[in-house]
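# Understanding the architecture of this molecule
Spelled out from the first residue to the last, the chains are:
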Amino acid sequence: MEKPFMHIRTCQICGGSHLVKVLDLGKMPAANAFLTKAELQKTEEKFPLRVYFCKTCSSLQLLDIVNPKILFRHYTYLTSASKPLISHFEEMGKELAKRFVTDKNDLVVEIGGNDGILLSAIADKCRTVNIEPAANIAKISAQKGITTISKFFDRTLARELVKKYGHAKVVVANNVMAHIFGLKDVFCGVADLIGEDGVFVFEVHWVGNLLGEGGFDQVYHEHLFYHSLTALTYLARAVGLRIIDVQPVHMHGQSMRAFAAKNMPVKASVKRFLDKEKNMGLDKAATYLKFSRKVEQEKKELLSLLKKLKKEGKTIVGYGAPAKGNILLNYFGIDGKTLDYVTDTTPLKQGKYTPGMHILVSDPERLTTETPDYVLLLAWNYRDAILEKEKSLRKKGVKFIIPVNGIQIV
């Protein structure tokens, strides 16, 4: 793709054209495109952010595709910057090794393995390869001694990997299957890479959570898909795979861990999950249109609260600068007049400005020297861990605002 973005007219999973627009967040900057002070003077690129439902395969997806080179070449998302993520992926790696790895010569390939946390945890048990397209992050992975290839995964690369390393016993992809344009080609590549006996294990944010306890701020340009098991089952079948197991995962609100293979028996968990989705109406456009109306209501409520607090002379800051936080700030129009600053633990973001709203990102230490009255919790998916971590702030009387799924002040 040479253009900054393109609009497609057919479903990326089934090729169908029966698509309904169910959510429109207007034009947005790329949610991870943090700016230096000098860059604030330049015109910022913004792209349409609209969500569509496919009536044929029940997939929820974006049709406005931003060039991945704009989104991912200098990605600032580091797994190692989040303690909950480190322990989650280390445990996952060990579980997968225990369940599927039987020999030190077995190969585990991770697609979008970021800075190599999961593979580092099992490097003593098998051969490992990380496919990480963001050049700056691939470098960090390689420095840990992990074989790292800085390319986008596709069927061509899969065949090259088979030629060089043999078939993989396990292919892992965590929180990347929502990001990939040409997802069907990737699934074809995985089917080639695992051969007859391997397994594909991937975690994706579950669309049921987006509609339930989650928030609309999980919709951004990097996330081309909002997956249901219903749609993923359709996709797996199309490339000769079967979903053989599924587990709910309490990460990023709620995710699901799906297992796909060619010749392994299908567990009862798959039917239970599919039945649950049908009962929730995840196969109907009306369900998503209702969600869109809820988003508008939440916007009115939060802006009303922030306006009232500012009128009372209260100081407010943002906590966390994840992509979801930037979507919320931009769609609600919350800028530096409302938030004095935003904190984030990721060193690559500190000293830069948030996309669109241009709020300075600071080290969390600033909370102790310039303590606010209120904190808008933008990284709300880590709510419990953050509230526990910031007990001393809360004892000083600092209140935390949870901005989604019914606004709460704690």
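Here the residue index of a chain counts from 1 through its sequence in written order. Note on the predicted model: pLDDT of at least 70 is required for a residue's local features to be given, and 80 or more for side-chain atom pairs to be given and counted; whole-chain, interface and lining totals, by contrast, use all residues. In computing side-chain properties, one takes all heavy atoms of the structure into account and sets aside hydrogens as well as water.

## Topic: helix H11 (residues 323–332)
In plain terms, the rule: Only protein chains enter the area calculation, which uses a 1.4 Å probe; residues under 20% of their type maximum are buried, those over 50% are exposed, and those in between are partly exposed. Only DSSP runs of H or I covering at least 4 residues are called helices, and only runs of E covering at least 2 are called strands; the numbering of each starts at the N terminus. The contact criterion used is simple: two residues touch if any of their non-hydrogen atoms lie within 4.5 Å.
A large share of H11 lies buried, amounting to ten of its ten residues. Here H11 has its buried residues at Ala 323, Lys 324, Gly 325, Asn 326, Ile 327, Leu 328, Leu 329, Asn 330, Tyr 331 and Phe 332. In this structure, the buried residues of H11 make contact with strand S2 (19–28), strand S3 (47–54), helix H10 (285–311) and strand S17 (374–377). Gly 333 sits one or two positions beyond H11 and adopts a positive phi of about 70°.

## A short note on the sheet that holds S3
Applied cut-off: DSSP-based pairing: two strands are paired if at least 2 bridges between them are found. Axes, fitted as lines to C-alpha atoms, cover a helix only where it is in contact. Angles between the N-to-C directions of the axes lie from 0 to 180 degrees.
Taken in spatial order, the four strands line up as S2-S3-S4-S11 in an open sheet, and their pairing is antiparallel. Strands at the two margins of the open sheet, each flanked by one partner only, are S2 and strand S11 (225–226). In this structure, S2 lies alongside S3, joined through seven bridges in antiparallel fashion. Directly across from Met 28, in S3, lies its bridge partner Phe 47. In the packing of H10 onto the sheet, contacts are made with S2, S3 and strand S4 (60–62), and the angle to S2 comes to roughly 25°.

## Notes on the packing of helix H5 (residues 155–165) against helix H6 (residues 183–194)
This is how the line gets drawn: Geometric relationships in this document are graded by angle, where less than 35 degrees denotes roughly parallel, more than 145 denotes roughly antiparallel, 65 to 115 denotes roughly perpendicular, and other angles denote oblique. By the definition used in this description, the sense in which the near helix is turned from the far one sets the handedness, with an anticlockwise turn below a right angle giving left-handed and a clockwise turn giving right-handed. All residues other than Ala, Val, Leu, Ile, Met, Phe, Trp, Tyr, Cys, Pro, Asp, Glu, Lys and Arg, Gly among them, are scored as polar; the first ten of these are nonpolar and the last four charged.
One way to put it is that H5 packs onto H6 with a least axis distance of 8 Å and a crossing angle of 15°. Judged on the interaxial angle alone, H6 and H5 are roughly parallel. Our pair here, H5 against H6, has a crossing hand that is right-handed. Between H5 and H6, the residues in contact are Arg 155, Ala 158, Arg 159, Leu 161 and Val 162 and Asp 185, Cys 188, Gly 189, Asp 192 and Leu 193, respectively. Split into classes, the residues belonging to the contact of H5 with H6 amount to five nonpolar, one polar and four charged.

## Quick notes on the pairing of strand S6 (residues 107–111)
Selection rule: A crossover counts as right-handed when, viewed with the strands pointing away from the observer, the path leading from the first strand over the helix to the second turns clockwise.
Most of S6 is tucked away, with five of its five residues classed as buried. Side chains Leu 107, Val 109 and Ile 111 of S6 all project onto a buried face; the interleaved residues Val 108 and Glu 110 project onto the opposite face, where all are buried too. For S6 and strand S7 (residues 127–131), the ladder comprises five bridges, and the chain directions are parallel. Across the sheet, Glu 110 pairs through a bridge with Asn 130, a residue of S7. One crossover worth recording links S6 to the parallel S7 by way of helix H3 (residues 117–122), and it is right-handed. With three bridges connecting them, S6 and strand S9 (residues 170–174) associate as parallel partners. The partner of Val 108 across the bridge, within S9, is Val 170.

## So, the packing of aromatic side chains
Filter applied, for reference: Classification of ring pairs rests on two measures: the distance between centres of Phe, Tyr or Trp rings, Trp counted by its six-membered ring, which must be within 6.5 Å, and the angle between planes, read as stacked under 30 degrees, edge-to-face over 60 and tilted in between. Whether a charge lies above a ring is judged from NZ of Lys or CZ of Arg, which has to be within 6 Å of the ring centre and within 35 degrees of the ring normal.
A full pass over the atoms with the stated rule returns eleven aromatic pairs. Taken together, a centroid distance of 5.6 Å and an interplanar angle of 65° make the contact between Phe 216 and Tyr 331 edge-to-face. Placement of the pair is Phe 216 in the loop between helix H7 (207–211) and S11 and Tyr 331 in helix H11, with a sequence separation of 115 residues. By relative accessible area, which is 13% here, Tyr 331 ends up buried. Over the ring of Phe 273 we find Lys 276; its NZ or CZ atom is 5.6 Å from the centre of that ring. The ring of Tyr 331 is capped by Lys 299, whose NZ or CZ atom sits 4.4 Å from the centre of that ring.

## Description of the environment of Ala 260
Position of Ala 260 among the secondary structure elements: in strand S13 (residues 255–261). Along the chain, Ala 260 and Phe 202 lie 58 residues apart, while their C-alpha atoms are 8.6 Å from each other. Other than its neighbours up to four places away in sequence, Ala 260 contacts Ile 194, Val 199, Phe 200, Leu 241, Arg 242, Ile 243 and Ile 244.

## Points about the side chain of Asn 130
Where we set the bar: Any N or O atom pair separated by 3.5 Å or less is treated as a polar contact, with the protein-specific requirement of one donor-capable and one acceptor-capable atom, and with residues adjacent in sequence counted only for side-chain atom pairs.
One can find Asn 130 in strand S7. Since its relative accessible area comes to 0%, Asn 130 is described here as buried. A polar side-chain atom of Asn 130 sits 3.1 Å from the main-chain carbonyl oxygen of Asn 114. Here Ser 141 takes part through its side chain, which lies 3.0 Å from a polar atom of the side chain of Asn 130. Here Asn 130 is in contact with Glu 110, Gly 112, Gly 113, Asn 114, Gly 116, Leu 119, Ser 141, Ile 146, Thr 147, Thr 148 and Ile 149, once residues within four sequence places are set aside.

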